[in-house]
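# Geometric and topological summary
Here is what each chain is made of, one letter per residue.
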Amino acid sequence: TGLVCLALTVILPGRAAAQAAATGRLHVTVVDQTGATLPGATVTVVGQETATRGNALAPVSATEAGLATFEGLAPGRYTLQAEFTGFETVTVRDY
């Protein structure tokens, strides 16, 4: 059984207008212990706080480059999980 690893990048907007809600984008690259990408890996993001739990985000399948992107995330803490057949599931909390 291999190990799934996550490389995470968060992009938050600059100062938004007072009327617009600030949201961010999360890029997750799913790789194995050798650094090889895992196309088709399933990535799930779940909010941990009141402000972030309202985001009902569907799981995303990683692209051929192993990339999963989540849009419109409210600022706060999240739990990320990556799954791929034949590999251990990885969970990252407080991201």
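Residues numbered from 1 in each chain as written. Predicted model: local features only at pLDDT ≥ 70, side-chain atom pairs only at ≥ 80, totals over all residues. Heavy atoms only, no water.

## What to know about the overall build of the protein
Counting its regular elements, the protein contains 1 helix and 8 strands. Reading the protein from its N terminus to its C terminus gives the helix and strand order β-β-β-α-β-β-β-β-β. Of the contacts made within the protein by residues no fewer than 6 positions apart, 58% connect residues no fewer than 24 positions apart. For the protein, the accessible area works out to roughly 5,500 Å², and carbon and sulfur atoms hold 53% of it. (Helix = DSSP H or I, 4+ residues; strand = E, 2+ residues; numbered from the N terminus. Contact = heavy atoms within 4.5 Å. Areas by Shrake-Rupley, 256 points an atom, 1.4 Å probe, with all protein chains shown as cover.)

## A short note on the pairing of strand β6 (residues 78–83)
The side chains of a regular strand alternate, first on one face of the sheet and then on the other. Here strand β3 (residues 42–47) pairs with β6 via 6 bridges, running antiparallel. Bridging across to β6, V43 finds its partner in A82. Bridge count for β6 against strand β8 (residues 90–92) is 3 bridges, and the pairing is antiparallel. Bridging across to β8, Q81 finds its partner in T91. (Pairing = 2+ DSSP bridges.)

## Here's the deal with the confidence of the model for the protein
Mean pLDDT for the protein: 82, with 76% of residues reaching 70 or above. Mean pLDDT across the secondary structure elements of the protein bottoms out at strand β1 (residues 2–11), with 59, and peaks at strand β4 (residues 60–61), with 96. Counted against residues more than four places away or in other chains, residues 15–19, with its pLDDT under 50, gives 0 contacts. (pLDDT = per-residue confidence, 0-100.)

## Observations regarding the environment of A41
Checked against the element boundaries, A41 lands in the loop between β2 (24–32) and β3. The exposure class assigned to A41 is buried, which follows from its relative accessible area of 0%. In this structure the C-alpha to C-alpha distance between A41 and F87, which are 46 residues apart in sequence, comes to 9.9 Å. Setting aside anything within four residues of it in sequence, one finds A41 in contact with V30, V60, S61, A62, E83 and F84. (Buried < 20%, exposed > 50% of the residue type's maximum accessible area, 1.4 Å probe, protein only.)

## Digging into the pattern of salt bridges
Scanning the model with the defined rule gives 3 salt bridges in all. The residue E49 makes a salt bridge to R77 at a minimum N-O spacing of 3.1 Å. Placement of E49 in the loop between β3 and α1 (50–53) and of R77 in the loop between β5 (67–73) and β6 is noted, with a sequence separation of 28 residues between them. Since its relative accessible area comes to 26%, E49 is described here as partly exposed. Since its relative accessible area comes to 37%, R77 is described here as partly exposed. (Salt bridge = Lys/Arg side-chain N within 4 Å of Asp/Glu carboxyl O.)

## Structural notes on the sheet that holds β4
Strands sit in the order β4-β3-β6-β8 across an open sheet of 4 strands; the sheet is antiparallel. Bordering the open sheet on either side are β4 and β8, each of which pairs with just one other strand. Bridge count between β3 and β4: 2 bridges; the pairing is antiparallel. Bridging across to β4, T42 finds its partner in S61.

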